[in-house]
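# Structure at a glance
Okay, here's what each chain looks like letter by letter:
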Amino acid sequence: MTVRVRFAPSPTGYLHIGGARTALYCYLYAKATAGTYVLRIEDTDQARSKIEYEDALIEDLKWLGITHTEGPDCPAVAGPYRQSERNNIYKKYSDQLISEGKAYPCFLTEEELIVLTEKAESEKKAPHAYHGEYRRLDPSEAKKRIEAGESYVIRFKNPAKKVTFKDLVRGEVTFPEDMVGDFVIIRSNGLPVYNYCCVVDDYLMKMSHIIRAEDHLNNTCRQILLYNALGAELPHFVHVSLLVGEDKQKLSKRHGATSVSKYKNMHYLPSALMNYLCLLGWSHPEEKDIFDLETLGDTFTLERFSKSPALYDIKKLNYFNEQHLRKLSVEEIDGYFSKVIPTDHPYHDQTKEWRLCFTELYTDKIQLFSDVLDFLPDVFTDTFSKDDNYNDVITWETTRPLAKYLKSELEKLDDNSMPSKELIDTWMTHLKKELKIKGKALFMGTRIVLTGKNHGPDLKVLVSLTKVSTLVQRCSLALS
RNA sequence: GCUCCCAUCGUCUAGCCUGGUCUAGGACACCGCCUUUUCACGGCGGUAACAGGGGUUCGAAUCCCCUUGGGAGUACCA
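What counts, and at which threshold
Residues numbered from 1 in each chain as written. Chains lettered and ligands numbered in written order. Predicted model: local features only at pLDDT ≥ 70, side-chain atom pairs only at ≥ 80, totals over all residues. Heavy atoms only, no water. Near = heavy atom within 4 Å. Polar contact = N/O pair within 3.5 Å; in protein donor to acceptor, adjacent residues only side chain to side chain. Helix = DSSP H or I, 4+ residues; strand = E, 2+ residues; numbered from the N terminus. Nonpolar A, V, L, I, M, F, W, Y, C, P; charged D, E, K, R; others polar. Pairing = 2+ DSSP bridges. Axes fitted to C-alpha atoms, helices over the stretch in contact; angles between N-to-C directions. Domains from an automatic or database assignment. Buried area = accessible area lost by both parts, 1.4 Å probe. Buried < 20%, exposed > 50% of the residue type's maximum accessible area, 1.4 Å probe, protein only. Core = buried A, V, L, I, M, F, W, Y, C linked by side-chain atoms within 4.5 Å. Contact = heavy atoms within 4.5 Å. Parallel < 35°, antiparallel > 145°, perpendicular 65-115°, else oblique. Left-handed = near helix turned anticlockwise from the far one by under 90°. Phe/Tyr/Trp six-rings, centres within 6.5 Å; stacked < 30°, edge-to-face > 60°. Disulfide = S-S within 2.5 Å.

Surrounding RNA strand B, one finds 56 residues, the nearest of these being Thr44, Asp45, Arg187, Lys365 and Phe443. Expressed as a percentage, the sugar and phosphate content of the atoms of RNA strand B within 4 Å of the protein is 73%. One nitrogen or oxygen atom from the main chain of Glu42 is found 3.3 Å from a sugar or linking oxygen belonging to RNA strand B. A distance of 3.4 Å separates a sugar or linking oxygen of RNA strand B from a polar atom in the side chain of Asn218. Listing elements by their share of the surface near RNA strand B, those giving two or more residues are strand S6 (171-175), strand S11 (310-311), helix H10 (314-326) and helix H18 (439-451). At five residues, the largest contribution of residues to the surface near RNA strand B is made by H10. Considering only residue class, the surface near RNA strand B consists of 19 nonpolar, 16 polar and 21 charged.

Right, dumping it as structure tokens:
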């Protein structure tokens, strides 16, 4: 069997984390089985769908490395891939269903519907029980009313049978015969409804597996009913667990940073985001945690999905980012730093050699590229606020003579130069031999005078990256 | 309300299908130690879980039932 899977977002907003995960699973499964992954745009909700969102969706997917071979922006194989361009197809099949007596026009007005719903509720009956009202209306009578311009929808004639199917992650799932009523497949404005076009498309596009999140599980009932009516073979259903927030509810905007573009803008590594998302509800057969998705190959199988919802935890994502970041070369990290740091920052005026040295110094101290922003002042700011640690170290009796000596030595140098590591070495030696300052007093003292902090990366390298004028000012501050 | 789904450390999970090797393994986070005359990285170690109750069985985290808890759906949204 050739595997064909699709990711079918609706362009009503930006791609979010949950959607990205679903897309990823589709993509990985197609890749594992040498199948095809297609992107379909579900834009039947005219009011909310926007082409900008579609563009952004494709852009974000591309950034994540989830590439489709069939979609609205590719040569059509089983297209069109935008539902808004397939209305004639949906019409054709709904006409067919009507002629076969499997669907019918319904003239219930919105007001009548509200009344019926309320009545059903008060009688504690299923609210859809009444929908069959126009089932037996004579076709010629219906035709007359349609021609008279009366508003109507097309409803599916539900055979009211129990629906059972085997979900590849949930196992056997059964819906009772009264789960749904005669649901609408074509709206009064002539446009089809999600559950209907989804089935028509998946059928016509020959989808072998429907991989989607669990919030669609109940929709599967209506959809199977439609597959049966269309005489179509059922695809395999794969309902993946939901992604939830702190409150255990379905992940949504109100949970904070949930759109993929946010992470792109924050310069997260797409490989890290994908790696983390992949493991939220799926486990590696060898229990690996940090890996490159492209190397997964056919180890990605449908059997390793977890059934329970997974909580999205940004702390763990940051850890994945840190691990993926560590695998990058200094040059690559410098490239990201250059993107993160504002263009007018003096960082960009430094030599390549300086930047690589700086990058190397800080690589193992960051989780996110933007963390570098916190470290920039280490070398670029002349003064700093004196915190508690500073005030403590600065009062040591050894610190003042130490600062005085360093200042005098620094003043011998060109303001715009940076002291060499060797030079700093000789200063340290002098301080130890001549001024008898050693151990913690020496290293901590030098660090606090020259950098203002009592901890940080390798001191000699750090100082060798700092301009003499800056260091002199810091010494002055220590002596003031 | 009704329908469906889910239930192992705080979190992500392994183990479950094919009961015994599980005094339940790994990862994040947290704590401690080592390393680094700092911090971080790294290494080592620690705290921490089978929701509850009944069965079945010589034996249950694993199989069955019930209870409880959580979630999703219940549209002329997708």
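With that settled, the discussion passes to the sheet that holds strand S3 (residues 103-106). Ordered in space as S3-S4-S7, the three strands form an open sheet in which the pairing is antiparallel. One side of each edge strand has no neighbouring strand; the edge strands of this open sheet are S3 and strand S7 (184-186). On average, adjacent strands in this sheet sit at an angle of 45° to one another, irrespective of strand direction.

What follows deals with the pairing of S6. Judged from the five bridges that link them, strand S5 (residues 163-167) and S6 form a sheet pairing that is antiparallel. Within the sheet, the bridge partner assigned to Val163 lies in S6 and is Phe175. If you look at the hairpin formed by S5 and S6, you'll find three residues sitting between the two strands.

Domain annotation for chain A reports domain 1 (1-73 + 241-327), domain 2 (86-240) and domain 3 (330-479). Just the C-alpha atoms count here: the centres of domain 1 and domain 3 sit 42 Å apart. The largest per-residue losses of area from domain 1 upon contact with domain 3 belong to His267, Leu325 and Arg326, which jointly make up 56% of the total buried on that side. On the surface where domain 1 and domain 3 come into contact, there are three residue pairs in polar contact (both at pLDDT 80 or more). The residue makeup of the side of domain 1 that touches domain 3, split by class, is five nonpolar, three polar and two charged.

What follows deals with unusual backbone geometry. Here Ala160, not a glycine, exhibits a phi torsion of approximately 50°, which is positive. On the secondary structure map, Ala160 appears in the loop between strand S4 (153-156) and S5. Even without a glycine there, the phi angle at Lys206 is positive, about 55°. With respect to the helices, strands and loops of the structure, Lys206 is situated in the loop between helix H6 (194-204) and strand S8 (209-213). When its relative accessible area of 62% is taken as the criterion, Lys206 is described as exposed.

Next up on the list: the nonpolar core. Counting residues in hydrophobic clusters, the biggest one holds 72 residues, and the most contacted among them are Phe300 and Phe358. If one sorts the elements of this core by residue count, helix H1 (residues 17-32) sits on top with 11 residues. In this structure, Phe300 is in contact with Tyr25, Leu28, Tyr29, Ala32, Trp282 and Phe305, ignoring residues within four places of it in sequence. One finds Phe156, Ile185, Leu226 and Tyr227 within the second-largest nonpolar core, a separate group that totals 34 residues.

So, about the packing of helix H16 (residues 399-410) against H18. Between two packed helices, what matters for the description is the angle formed by their axes and the separation of those axes. Across the interface, H16 lies against H18 with an axial gap of 10 Å and an inter-helix angle of 60°. Overall, the two elements H16 and H18 adopt an arrangement that is oblique. The handedness of the crossing between H16 and H18 is right-handed. Counting all contacts with H16, which are made through Thr399, Leu402, Ala403, Leu406 and Leu410, the residues of H18 involved are Ala441, Leu442, Gly445, Thr446, Val449 and Leu450. Residue classes in the contact of H16 with H18 are distributed as eight nonpolar, three polar and no charged.

Our next topic: the packing of helix H11 (residues 330-340) against helix H12 (residues 352-362). Across the interface, H11 lies against H12 with an axial gap of 9 Å and an inter-helix angle of 95°. Considering their axes alone, H11 and H12 lie roughly perpendicular with respect to each other. Seen from H11, the contacting residues are Val330, Glu331, Ile333, Asp334, Phe337 and Ser338; seen from H12, they are Lys352, Arg355, Leu356, Phe358, Thr359 and Glu360. Here the contact of H11 with H12 is built from residues that sort into five nonpolar, two polar and five charged.

The next thing to look at is the packing of aromatic side chains. Overall, the coordinates contain 27 aromatic pairs when judged by the stated rule. With 5.2 Å between their ring centres and 35° between their planes, Phe156 and Phe183 make a pair best called tilted. Separated by 27 residues along the polypeptide, Phe156 in strand S4 and Phe183 in the loop between S6 and S7 bring together distant segments of the chain. Each member of the pair, Phe156 together with Phe183, is buried. Counting every residue linked through ring pairs, the aromatic cluster contains Tyr347, Trp354, Phe358, Tyr362, Phe375 and Phe380.

In a disulfide, the sulfur atoms of two cysteines are covalently bonded to one another. Overall, the coordinates contain zero disulfides when judged by the stated rule. Left unpaired, Cys26 is separated from the closest cysteine sulfur, that of Cys198, by 12 Å. On the basis of relative accessibility, which here comes to 0%, the residue Cys26 falls in the buried class. Not engaged in a disulfide, the cysteine Cys197 finds its nearest cysteine sulfur in Cys198; these two sulfurs lie 7.5 Å apart. Look at Cys197 and you get buried, because its relative accessible area is 0%.

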